[in-house]
Amino acid sequence: LLPLNAVFRAAEAMYVQLKDPLAALRPMPDSDQGTLERCLAFLDRAQLLVETEAVFSSNETLEDVAAADIKYVLIPFYQGQLLSYCNDLNKRAGRLEA
């Protein structure tokens with residue numbers, strides 16, 4: 001199993017590959033849907049690792065969070081952005097309900 005940083009970096013690389021400023025204006029090509037699903041799976045895994053490893057604690061302040069860990073706050077943002085590109089509305093709705 002990959003460590004949190006490796007999982008996050010892999011997801012981030014896929015996110016950057018998929019990110020297109022005009023993507024929200026048109027459907028994502030079917031050829032990219034597999035990459036989108038893999039990226040979402042990596043982000044799900046990263047979020048699980050953040051929670052399991054208790055990277056963030058409810059009693060911490062921003063000053064208590066390690067600078068190297070702040071990037072993990074982006075996980076829900078990346079997930080939301082990618083869901084907006086998902087062509088399958090049932091899949092999108094299912095993930096939003098979860």
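I will try to describe carefully the structure that is included in this document. Predicted, not measured: the structure shown is a model, and the values here were computed from it.

Rules and cut-offs
- Residues numbered from 1 in each chain as written.
- Predicted model: local features only at pLDDT ≥ 70, side-chain atom pairs only at ≥ 80, totals over all residues.
- Heavy atoms only, no water.
- Buried < 20%, exposed > 50% of the residue type's maximum accessible area, 1.4 Å probe, protein only.
- Helix = DSSP H or I, 4+ residues; strand = E, 2+ residues; numbered from the N terminus.
- Arc of directions from axis to C-beta.
- Phe/Tyr/Trp six-rings, centres within 6.5 Å; stacked < 30°, edge-to-face > 60°.
- Salt bridge = Lys/Arg side-chain N within 4 Å of Asp/Glu carboxyl O.

1. Concerning helix H3 (residues 75-85)
Because the α-helix completes a turn every 3.6 residues, residues three or four places apart line up on one side.
Reasoning step 1: What H3 keeps buried is the set Ile-75, Tyr-78, Gln-79, Leu-82, Leu-83 and Tyr-85. Looking straight down H3, one finds its buried side chains confined to an arc of 150°; they lie on one side.

2. What about the packing of aromatic side chains?
Reasoning step 1: Within this structure, the stated rule accounts for four aromatic pairs.
Reasoning step 2: Residues Phe-8 and Tyr-72 carry aromatic rings whose centres are separated by 5.2 Å and whose planes lie at 85° to one another, so their mutual orientation is edge-to-face. You can see Phe-8 sitting in helix H1 (residues 4-18) and its partner Tyr-72 sitting in the loop between helix H2 (30-52) and H3, a full 64 residues away along the chain.
Reasoning step 3: For Phe-8, a relative accessible area of 0% puts it in the buried group.
Reasoning step 4: Seen in terms of ring centroids, Phe-77 and Tyr-78 are 6.1 Å apart; in terms of plane orientation they differ by 50°. Their pairing is tilted.
Reasoning step 5: Looking at Phe-77, the relative accessible area reads 44%, which means it is partly exposed.
Reasoning step 6: Residue class for Tyr-78 comes out buried when judged on its relative accessible area of 8%.

3. Structural notes on the pattern of salt bridges
Reasoning step 1: Under the definition given, this model contains one salt bridge.
Reasoning step 2: Between Glu-12 and Arg-9 there is a salt bridge, and its shortest N-O distance comes to 2.5 Å. Of this pair, Glu-12 and Arg-9 both sit in helix H1, three residues apart, roughly one helical turn.
Reasoning step 3: Residue classification places Arg-9 among the partly exposed positions, given a relative accessible area of 40%.

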